[in-house]
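# Observations on the three-dimensional arrangement
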Amino acid sequence: TNIYGDIFSPEPEAVVEDIQQIIDEKNPALELGSRNLTGFGLAILRDGDWVKAANSANTVDTQRDFYIYYGRTSGHGHPDKLTLGVHAYGLDMGADVGTPEVKTNTDPHRFEFIEQTITHNTVTVNNTAQSLYDYGDPLHFDDAGQVKLMDVSAPQAYAATDEYRRTLV
């Protein structure tokens, strides 16, 4: 299937159907393991299965994950160091409401609400926003066995604290 078409390609909508057919036939489930992406600053603990049944009503999705973002917050980032996310059974259970709806630098709602630390799944200190800086420090990551653990520190997030840390078991 040639997906390098343009607006003048015959039946451009057929690409979506072709891709879905390939996914259904060759890779019925995207199953990812736990990862600690230290170069990016993202730790993810994953578990569960996705079992596709012949009858889609019987498909079972028990996949779930928790993540902690400890990457760059300066530049294009947000003051959301150590934000916590959780997905389970096909749902985003802890949606980060700090994602911009408008990608312009002039939207008042973005500056007043979206880019504030409190709108992310974080912990605020003294009702203030975090300092913008680069990466946090992954202290422990273990997904061996039934108990999984990640522990991340970001001591530069707040000048008023010596320790700013999130641990998830």
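Up top is the structure these notes are about.
For every chain, the first residue of the written sequence is number 1, and numbering continues from 1 onward in sequence order. Under the rules for a predicted model, residues below a pLDDT of 70 receive no local features and side-chain atom pairs below 80 are neither given nor counted, while totals for whole chains, interfaces and linings still include all residues. As a rule here, side-chain values come from all non-hydrogen atoms in the structure, and water together with hydrogens is ignored.

## A closer look at the environment of G136
Short version of the rule: Secondary structure elements follow DSSP: runs of H or I no shorter than four residues count as helices, runs of E no shorter than two count as strands, and numbering proceeds from the N terminus. For every residue, the accessible area obtained with a 1.4 Å probe (protein chains only) is divided by the maximum for its type, and the residue is called buried under 20%, exposed over 50%, and partly exposed between those limits. Note on definitions: a residue-residue contact is assigned when non-hydrogen atoms from the two residues lie within 4.5 Å.
As for its position among the elements, G136 is in the loop between helix 2 (108-114) and strand 8 (137-142). The exposure class assigned to G136 is buried, which follows from its relative accessible area of 8%. With 18 residues separating them in the primary sequence, G136 and A154 have C-alpha atoms 4.4 Å apart. Among residues more than four places away in sequence, those in contact with G136 are Y70, K81, S153 and A154.

## With respect to the sheet that holds strand 7 (residues 91-92)
Rule in force here: Following DSSP output, two strands are said to pair if at least two bridges run between them.
The strand order across the open sheet formed by five strands is 1-2-5-6-7, and the pairing between neighbours is antiparallel. Every interior strand has two partners, whereas the edge strands, strand 1 (35-37) and strand 7, have only one. Summarising the sheet, strand 2 (residues 42-47) and strand 5 (residues 64-69) pair through six bridges and their orientation is antiparallel. Across the sheet, residue I44 finds its bridge partner in strand 5, namely Y67.

## Quick notes on the pairing of strand 5
Across six bridges, the pairing between strand 5 and strand 6 (residues 83-88) is antiparallel. For D65, the partnering residue across the bridge sits in strand 6 and is H87.

## A look at the packing of aromatic side chains
Quick reminder of the rule: Here a pair means two rings of Phe, Tyr or Trp (six-membered ring of Trp) with centres within 6.5 Å. Their orientation is stacked below 30 degrees between planes, edge-to-face above 60, and tilted elsewhere.
Summed over all chains, the structure comprises two aromatic pairs. With a centroid separation of 5.3 Å and an interplanar angle of 65 degrees, the aromatic rings of Y158 and Y164 are classed as edge-to-face. No difference in accessibility class separates Y158 from Y164, as the two residues are buried.

## Digging into the nonpolar core
Selection rule: What makes a nonpolar core is a set of buried Ala, Val, Leu, Ile, Met, Phe, Trp, Tyr and Cys residues whose side-chain atoms join them at distances within 4.5 Å.
Within the largest apolar cluster, 14 residues are counted, with the highest numbers of intra-cluster contacts made by I68, L82, M150, A154, A157 and Y164. For this core, the elements supplying multiple residues, two or more each, are strand 2 and strand 9 (149-153). Contact partners of A154, with chain neighbours within four places excluded, come to K81, L82, Y133, G136 and Y164.

## Quick look at the side chain of T83
Our working rule: Polar contact is defined as a pair of N or O atoms within 3.5 Å, subject to the rule that within protein one atom must be able to donate a hydrogen and the other to accept it, and that residues adjacent in sequence are counted only when both atoms are side-chain atoms.
Along the polypeptide, T83 turns up in strand 6. Among the polar contacts listed, one links the side chain of T83 to the backbone nitrogen of N121, at a separation of 3.4 Å. The contacts of T83, once residues within four sequence positions are left out, are Y67, I68, Y69, D96, H120, N121, T122 and R166.

That's the geometry; what it means functionally is another story.
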